[in-house]
Amino acid sequence: MFTKVLLVMWPLLVSACAYLYKKKQNGPNPMTGGPISTPKAFWLAYTVTTWFFLPFLFIFSPDVIVPIKYVIAFHLLSWWARGPLELVMIYKWFNWTPRYGISHDLFHIVGLVTLYYINRENFVNLTPMSNMALAFIFVTTLATVAEISFAYLFLKARSEAEEKDNIYFASDDPKWIFINRLTLTIVCGVMAHLICQAVYALLVL
């Protein structure tokens, strides 16, 4: 029941985190990174909540088959290895670059695809939780490809002055309009997945 409630509420959790972070980052006392647009706030809220915490629901569920848990475990180990280090580099050492993120994203995609391929013959006659876990892996792989695109475009658009000022986010400035539109498109896709996941959980769990 607890898992079902969390899955149903997850889109609202992401939306609340996006609102709060944008309010903080665009307020009088922002953290490092600079002002942030609404699409970027949603993307950040989505990746932090959904990539770092949602997979634990699948890992600890007895209804998710072990081969899928192998893939989910790799995802969690990969992101929890990167996450704390990235936070330190952004907020303490001030030496994070999107190039590091792109390198990790490529490694992550290769790991997910490889583990999926190795275990693919086991992904039949799945339980609802296993189906949702498998959908999460598929969507996350595509979303990680999108993140590489975001990081690459950001590197191309960020000026030397913005780099020195530790600007890490696209703001509402017109110079970021293409990145924001692309991000909004992807955000609509991943949020649609979370909403479909919530409806599926509500109906079948």
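From a predicted model like this one, the values you see are computed outputs, not experimental measurements.

Here we look at the overall build of the protein chain
At step 1: Looking only at helices and strands, the protein chain features eight helices and zero strands.
At step 2: Ordering the α and β elements of the protein chain from the N terminus gives α-α-α-α-α-α-α-α.
At step 3: For the C-alpha atoms alone, the extent of the protein chain along its principal axes is close to 55 × 30 × 30 Å.
At step 4: A burial count over the protein chain gives 47% of its 205 residues as buried.

Focus: the pattern of salt bridges
At step 1: Applying the stated criterion across every chain, the model contains three salt bridges.
At step 2: E86 is paired through a salt bridge with R82; the nearest N and O atoms lie 2.7 Å apart. Here E86 and its partner R82 are both found in helix α4 (residues 66-93), four residues apart, which amounts to about one turn of the helix.
At step 3: Residue E162 is joined to K175 by a salt bridge in which the shortest nitrogen-to-oxygen separation is 3.0 Å. On the criterion of sequence distance, the pair formed by E162 in helix α7 (residues 160-164) and K175 in the loop between α7 and α8 (177-204) is long-range, its members being 13 residues apart.

Focus: the packing of α4 against helix α6 (residues 128-157)
At step 1: The N-to-C vectors of α4 and α6 enclose an angle of 40 degrees; their axes lie 10 Å apart at closest approach. On the basis of their axis angle, the class for α4 and α6 is oblique. Relative to α6, the crossing made by α4 is left-handed. On the side of α4, the interface is formed by I68, V71, I72, H75, W79 and R82, while α6 contributes S130, A133, L134, F136, I137, T140 and E147.
At step 2: Split into classes, the residues belonging to the contact of α4 with α6 amount to eight nonpolar, three polar and two charged.

Topic: the state of the cysteines
At step 1: In the structure shown here, the tally under the stated rule is zero disulfides.
At step 2: Looking at C17, it has no disulfide partner, and the nearest cysteine sulfur is the one in C188, 18 Å off.
At step 3: You can call C17 partly exposed: its relative accessible area is 27%.
At step 4: Here C188 stays unpaired: no disulfide links it, and the sulfur of C196, its closest cysteine neighbor, is 13 Å away.

Observations concerning the environment of S103
At step 1: Residue position: S103 is located in helix α5 (residues 98-119).
At step 2: Look at S103 and you get partly exposed, because its relative accessible area is 48%.
At step 3: For the pair S103 and I148, spaced 45 residues apart in sequence, the C-alpha to C-alpha distance is 8.7 Å.
At step 4: There is a polar contact of 3.1 Å between the side chain of S103 and the backbone oxygen of R99.

Focus: the side chain of S78
At step 1: The residue S78 is located in helix α4 in this model.
At step 2: One polar contact links S78 to H108, side chain to side chain, over a distance of 2.8 Å.
At step 3: Apart from the residues lying within four places of it in its own chain, the contact partners of S78 are H104, F107 and H108.

Some details on the nonpolar core
At step 1: Formed by 46 residues in total, the largest nonpolar core has its most connected members in W43, Y46, W51, L54, F58, I68 and I72.
At step 2: When contributions to this core are tallied by element, the ones reaching two or more residues are α1 (2-25), α2 (38-52), α3 (55-59), α4, α6 and α8.
At step 3: If you tally residues by element for this core, the top one is α6, at 10 residues.
At step 4: Leave out the neighbours within four places in its chain, and F58 touches V64, K69, I72, M129, M132, A133, F136 and Q197.
At step 5: In terms of nonpolar packing, the next biggest core, distinct from the first, is built from five residues, F154, I167, A170 and W176 among them.

Observations concerning the packing of aromatic side chains
At step 1: All told, the structure shown has 15 aromatic pairs when counted by the stated rule.
At step 2: For the pair F53 and W80, a centre-to-centre distance of 5.6 Å together with 85 degrees between the ring planes defines the contact as edge-to-face. Pair noted here: F53 is in the loop between α2 and α3 and W80 is in helix α4, with a separation of 27 residues, a long-range link.
At step 3: Residue F53 is classed as partly exposed on the basis of its relative accessible area, which comes to 43%.
At step 4: Judged by relative accessible area, which is 35%, W80 ranks as partly exposed.
At step 5: Taking 5.6 Å as the distance between ring centres and 70 degrees as the angle between the ring planes, the aromatic pair formed by W96 and Y100 counts as edge-to-face.
At step 6: What makes Y100 partly exposed here is its relative accessible area of 43%.
At step 7: Positioned over the ring face of Y117 is R120, at 3.8 Å from the centre of the ring.

Thresholds applied
Residues numbered from 1 in each chain as written. Predicted model: local features only at pLDDT ≥ 70, side-chain atom pairs only at ≥ 80, totals over all residues. Heavy atoms only, no water. Helix = DSSP H or I, 4+ residues; strand = E, 2+ residues; numbered from the N terminus. Buried < 20%, exposed > 50% of the residue type's maximum accessible area, 1.4 Å probe, protein only. Salt bridge = Lys/Arg side-chain N within 4 Å of Asp/Glu carboxyl O. Axes fitted to C-alpha atoms, helices over the stretch in contact; angles between N-to-C directions. Parallel < 35°, antiparallel > 145°, perpendicular 65-115°, else oblique. Left-handed = near helix turned anticlockwise from the far one by under 90°. Contact = heavy atoms within 4.5 Å. Nonpolar A, V, L, I, M, F, W, Y, C, P; charged D, E, K, R; others polar. Disulfide = S-S within 2.5 Å. Polar contact = N/O pair within 3.5 Å; in protein donor to acceptor, adjacent residues only side chain to side chain. Core = buried A, V, L, I, M, F, W, Y, C linked by side-chain atoms within 4.5 Å. Phe/Tyr/Trp six-rings, centres within 6.5 Å; stacked < 30°, edge-to-face > 60°. Lys NZ or Arg CZ within 6 Å of the ring centre and 35° of its normal.

Keep in mind that these numbers describe shape and distance, not what the molecule does.
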